[in-house]
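Examination of the molecular architecture
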Amino acid sequence: MYIKIELGYRDGLYRHIYSSPEGAAFLALFLLDDVGTHPHYIQSALREMTSEEDEAQAHNATQYVKEEGVQGIVTFMYEFADEDEAMDKGYYFQIRADLVAQVLRGWEEQVLKEKPQSIEITIDGDDVKVVGVGKRAE
C-alpha cells in the first residue's frame, strides 16, 4: 500500500495526491480530515486502534469499524455511507488495527514534529513507513 500527501502552497493544508490501491484513499482521508494535526485527535485515534475493544466511529470525512481488537480489521468508508452498500460497491478500505496504529505514530512524528512538505506512507506486510520529504516553510 502506498499513499502520497503534499502540502498545498496557497493554503498550507495537506492534500491527498495518490493512493495504491485506490481504496487506501480512505485511510488518507482519515488522517487528513479526521485526525489532522491536533495531538488530541491523534492520541484518541491511537488509543482506539491499540485497544482490545471493538470500535465504531464517524468523523468529518470517514467512518470506521474496528473489530476483533488490536490484531483485528479496521474498515474505513465515507462518513455517512451505508455500510452494506459501501461493502457491496467496494467503497471501503480494510487494514489491521496495529498497522493503523503504526501509521498514526509516524503521522504524529512526521506531521507534528518535522512538518514536511510531503508525506509518503508505505505498508508492505508488517513493515510500515511514514516518511516526510522536504521541510515546509514556516
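In what follows, the accompanying structure is described. These figures come from a predicted structure and were not determined experimentally.

**What to know about the overall build of the chain**
- When you go through the chain residue by residue, the secondary structure sums to four helices and eight strands.
- Reading the chain from its N end, one meets helices and strands in the order β-β-α-α-β-β-β-α-β-α-β-β.
- For the chain, whose C-alpha radius of gyration is 14 Å, the value lies close to the compact-globule estimate of 14 Å for 138 residues.
- Across its three principal axes, the chain shows a C-alpha extent of roughly 45 × 30 × 25 Å.
- Contacts in the chain between residues at least 24 apart in sequence constitute 42% of all its contacts with a sequence separation of at least 6.
- For the chain, the accessible surface area stands at approximately 7,700 Å², while carbon and sulfur atoms represent 46% of it.

**Observations concerning the nonpolar core**
- One finds Phe30, Phe76, Ile95, Leu104 and Trp107 to be the most contacted residues of the largest nonpolar core, which totals 34 residues.
- Elements with a contribution of two residues or more to this core: β1 (2-7), α1 (25-35), α2 (39-50), β5 (73-78), β6 (93-96), α4 (97-114), β7 (118-124) and β8 (127-133).
- With eight residues, α4 is the largest single contributor of residues to this core.
- In this view, Ile95 contacts Leu27, Gly72, Ile73, Val74, Phe76, Val100 and Ile123; residues no more than four positions away in its chain are not counted.

**Some remarks on the pattern of salt bridges**
- Counted under the stated rule, the structure contains eight salt bridges.
- In this structure, Lys4 engages Glu120 in a salt bridge whose closest nitrogen and oxygen atoms are separated by 3.7 Å. You can see Lys4 sitting in strand β1 and its partner Glu120 sitting in strand β7, a full 116 residues away along the chain.
- Of the charged contacts, one joins Asp11 and Arg15 as a salt bridge, the two residues approaching to 2.5 Å between their closest N and O atoms.
- For Arg15, a relative accessible area of 40% translates into the label partly exposed.
- Here the salt bridges share partners, and the residues they tie into one network are Lys4, Glu6 and Glu120.

**Overview of the packing of aromatic side chains**
- This structure, assessed with the given rule, holds six aromatic pairs.
- Ring plane angle 50 degrees and centroid distance 4.9 Å describe the contact between Phe30 and Phe76, whose orientation is recorded as tilted. Remark: Phe76 occurs in strand β5 and Phe30 occurs in helix α1; sequence separation between them is 46 residues. Of the two residues examined, Phe30 and Phe76, each falls in the buried class.
- Considering the side-chain rings of Tyr64 and Phe76, the 5.6 Å spacing of their centres and the 50 degrees angle between planes classify their relative orientation as tilted.

**What about the pairing of β7?**
- In terms of strand pairing, β1 meets β7 through five bridges, oriented antiparallel. The partner of Ile5 across the bridge, within β7, is Ile119.
- Across seven bridges, β7 lies against β8 in antiparallel orientation. Bridge pairing in β8 places Ile121 opposite Val130.

**Describing the side chain of Thr62**
- With respect to the secondary-structure elements, Thr62 resides in strand β4 (residues 62-67).
- With a relative accessible area of 0%, Thr62 lands in the buried category.
- At 2.3 Å, the side chain of Thr62 and the side chain of Asp34 are in polar contact.
- Among residues more than four places away in sequence, those in contact with Thr62 are Phe26, Leu29, Phe30, Asp34, Gln57, Phe76, Met77, Tyr78 and Glu79.

Scoring rules and cut-offs
- Residues numbered from 1 in each chain as written.
- Predicted model: local features only at pLDDT ≥ 70, side-chain atom pairs only at ≥ 80, totals over all residues.
- Heavy atoms only, no water.
- Helix = DSSP H or I, 4+ residues; strand = E, 2+ residues; numbered from the N terminus.
- Rg over C-alpha atoms; globule rule 2.2 N^0.38 Å.
- Contact = heavy atoms within 4.5 Å.
- Areas by Shrake-Rupley, 256 points an atom, 1.4 Å probe, with all protein chains shown as cover.
- Core = buried A, V, L, I, M, F, W, Y, C linked by side-chain atoms within 4.5 Å.
- Buried < 20%, exposed > 50% of the residue type's maximum accessible area, 1.4 Å probe, protein only.
- Salt bridge = Lys/Arg side-chain N within 4 Å of Asp/Glu carboxyl O.
- Phe/Tyr/Trp six-rings, centres within 6.5 Å; stacked < 30°, edge-to-face > 60°.
- Pairing = 2+ DSSP bridges.
- Polar contact = N/O pair within 3.5 Å; in protein donor to acceptor, adjacent residues only side chain to side chain.

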